[in-house]
Amino acid sequence: MGEVKRRSLLAGAAALGGTAAALAAPGIAAAAGSSDAASAAAVRPPGTGSGTGPGLVTLGPDDPRYASLTRRGSNGRFVGKPDRVHVVSTTEQVVAAVQQAVRDGKRIAVRSGGHCFENFVDDPSVRALIDTSPMRAVHYDAARRAFAVEPGALLGEVYRALFLGWGVSIPAGATAEVGVGGHVLGGGYGTLSRRYGLSVDHLYAVEVVVVDRDGRARAVVATRDPKDPNHDLWWAHTGGGGGNFGIVTRYWFRDPRARGDNPAQLLPKAPASVLSFSATWNWKDVDERAFTRLVRNHGTWHEHNSAPDSPSTDMFSVLMLNSRHTGTLSLVGHLDATLPDAERRMRAYVDAVGSGTGAEPAVQHAVRPWLAAVALVQETEPAPYKVKCGYLRKGYTERQLTALHRHLAGPVSENISGALWLVSYGGKVNTVAPDATAVAQRDSILKAVYMTSWEGAEAAGAKPLAWLRAFYRDVYADTGGVPVPGPVSDGSFINYPDRDLADPELNTSGVPWHTLYYKDNYPRLQRIKARWDPRDEFRHALSVRLPG
């Protein structure tokens, strides 16, 4: 099954590491081997930064390495054909690569982990691809009292380096093989976010390669200090999304409330161990009434347990509503095993979600060291897929619940590999003002991720794509087919980009795509774009537009 074995789609079983992947419902977890990539994070001592590594590598289509670099994206729908690929190891090399592309009039794109859901990197118009995957250093920068992380580092590598070195972590993504580079730019959330907030809530500074009005490439450091003359560039990188303002070559992380210079006190503590769990219902035991009750229960639980002071902020879960022909529905998640009554709280949660359905799930659980649960890299072959998204401020309406069942269990879902994943959110995320960072959605409790995948060429995706678009349009029929901010919805997430939102035939709401992603923060992002990328060198189908 190509659809939900896509670990690059989001979280779910992947959030739980190797054991929990095995606990997840059949056909959901990736049937993938583990990799040793996360076992040796690229850690460099203070002072070396990104100044080590090989020289700038530039190669073209005739080079035997070209195919490996241009087919590195996770979405098998898109394969780029740039004139050249620059493989960079230092900030200076990024500056040189960008300068060369600008001089030659080549459209630029950058790749770190390769998990963009759309073709922003692999668009045919991209002629110069800058690959930052060798830039993987993670170290403590005493001068800035912050942890420096380069964009090519995978999340699993970052977690391992921070945890083994200092016992700390950043609240970031649930999939270990995602690259830091693009992940943080969209906000960055994951298993620790309900407890500690978003990645960008801990972002102290960024180093960015930008291009001025005269076409000169240079590196700039911007911090969260309001007195920093480059402060607006920092703000743009706290949720503005990738491919908009320049190329990040380094991030620095420090909790804004941290004091002193002891690195072990400057970021949140990761739990020593987690209790991973899986509850699986068989579709044959779930009729429309039971399905509706299950999803309603799940939304109600999150409405009641997503306040910043909730004792359940350590609970991270994904309700995987798979199309009926896949056979199962699953609730997977984990919580801090070191807190009192972890198993009792887990069972109470599963019971609350399944209450009144009349269907009994198969429940499994295991306690694992935290690092083993989050830092395991599992590899899968790229498959073509499409993802759509929406924030939920509260559970779905009754009409929406009916629409969910119609598209996941009705005749229209026959032979469709697709799913809706409801990912827990809220908690500490919602303590930050909507304009304090570029992430404007600060009172949601769930992220809804709609997805489908298929095997073979793009033509094979016609039916799954039509199914997904009809599904999404039906769920949001009351607001023009998209999640317009309102009592239930709150727009969409730029790290799950969806070009359909800019299509007036699919978005009939009258609300532009940039409002769905950025809400009232968009005009400020446009002003920052005009200052830092006045030539629009960094652009894609959903990039921030220059004002005017």
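Note that the structure is predicted; figures quoted are calculated from it, not measured.

A. Inspection of the overall build of the chain at higher detail. Of regular secondary structure, the chain possesses 14 helices and 18 strands. Buried residues in the chain amount to 64% of all 548 residues. In the form shown here, the chain has an accessible surface area of approximately 18900 Å², with 52% of it arising from carbon and sulfur atoms.

B. Seen up close, the packing of aromatic side chains. A complete count under the given rule lists 24 aromatic pairs for this structure. Aromatic side chains F117 and Y496 sit 5.3 Å apart centroid to centroid with 15° between the ring planes, which places their arrangement in the stacked category. Here the residue F117 occupies a position in the loop between β4 (108–111) and β5 (128–131), and Y496 occupies one in the loop between α12 (462–475) and α13 (513–518), the gap between them amounting to 379 residues. Accessibility classification places F117 together with Y496 in one group, the buried group. Judged by centre distance (6.0 Å) and plane angle (70°), the ring pair of Y450 and Y476 falls under edge-to-face. On the criterion of sequence distance, the pair formed by Y450 in strand β18 (residues 446–453) and Y476 in the loop between α12 and α13 is long-range, its members being 26 residues apart. Summarising the burial analysis for this pair, Y450 and Y476 share the class buried. Of the aromatic side chains, those joined through ring pairs into one cluster are F117, Y189, Y385, Y391, Y425, F493 and Y496. One Lys or Arg, K388, reaches over the ring of Y472 and ends 4.5 Å from the middle of that ring.

C. Structural detail: the layout of surface pockets. The volume enclosed by the second largest pocket comes to roughly 260 Å³. Lining of the second largest pocket is provided by 15 residues; of these, D201, H202, P256, R257 and V432 occupy positions nearest its centre. Classifying every residue of the lining of the second largest pocket by side-chain character gives seven nonpolar, four polar and four charged. No fewer than three residues from each of domain 1 (57–270) and domain 2 (273–520) sit in the lining of the second largest pocket.

D. Representation of the packing of helix α8 (residues 288–304) against helix α11 (residues 398–409). Orientation of α8 relative to α11, taken along the N-to-C sense of each, is 125°, at an axis distance of 10 Å. One element, α8, and the other, α11, form an angle in the oblique class. As for how α8 packs across α11, the hand of that crossing is right-handed. Counting all contacts with α8, which are made through E288, F291, T292, V295 and R296, the residues of α11 involved are E398, L401, T402, L404, H405 and L408. Taken together, the residues that form the contact of α8 with α11 break down as five nonpolar, three polar and three charged.

E. Summary view of α8. A rise of 1.5 Å per residue sets the reference length of α8, with its 17 residues, at 24 Å; its end C-alpha atoms lie 24 Å apart and thus fit the reference within 8%. Three or more residues of α8 are buried, namely A290, F291, T292, L294, V295, N297, H298, G299, W301 and H302. The N-capping residue of α8, defined by a side-chain oxygen 3.3 Å from the backbone nitrogen of R289, is D287.

F. The arrangement of the pattern of salt bridges in detail. Under the counting rule described, the total for this entry stands at 35 salt bridges. A salt bridge links R399 to D478, with the nearest nitrogen and oxygen atoms 3.1 Å apart. Residue R399 is found in helix α11, and its partner D478 is found in the loop between α12 and α13; the two are separated by 79 residues along the sequence. Because the salt bridges share partners, they merge into one network encompassing E118, K386, K388, R469, D498 and D500.

The rules behind each value
- Residues numbered from 1 in each chain as written.
- Predicted model: local features only at pLDDT ≥ 70, side-chain atom pairs only at ≥ 80, totals over all residues.
- Heavy atoms only, no water.
- Helix = DSSP H or I, 4+ residues; strand = E, 2+ residues; numbered from the N terminus.
- Buried < 20%, exposed > 50% of the residue type's maximum accessible area, 1.4 Å probe, protein only.
- Areas by Shrake-Rupley, 256 points an atom, 1.4 Å probe, with all protein chains shown as cover.
- Phe/Tyr/Trp six-rings, centres within 6.5 Å; stacked < 30°, edge-to-face > 60°.
- Lys NZ or Arg CZ within 6 Å of the ring centre and 35° of its normal.
- 1 Å grid on protein atoms, 1.4 Å probe; cavity = no way out; pocket = protein on both sides within 12 Å on 5 of 7 lines; lining within 4 Å.
- Points joined across faces, edges and corners; volume = space filled by probe spheres on them.
- Nonpolar A, V, L, I, M, F, W, Y, C, P; charged D, E, K, R; others polar.
- Domains from an automatic or database assignment.
- Axes fitted to C-alpha atoms, helices over the stretch in contact; angles between N-to-C directions.
- Parallel < 35°, antiparallel > 145°, perpendicular 65-115°, else oblique.
- Left-handed = near helix turned anticlockwise from the far one by under 90°.
- Contact = heavy atoms within 4.5 Å.
- Expected span 1.5 Å × (residues − 1).
- Polar contact = N/O pair within 3.5 Å; in protein donor to acceptor, adjacent residues only side chain to side chain.
- Salt bridge = Lys/Arg side-chain N within 4 Å of Asp/Glu carboxyl O.

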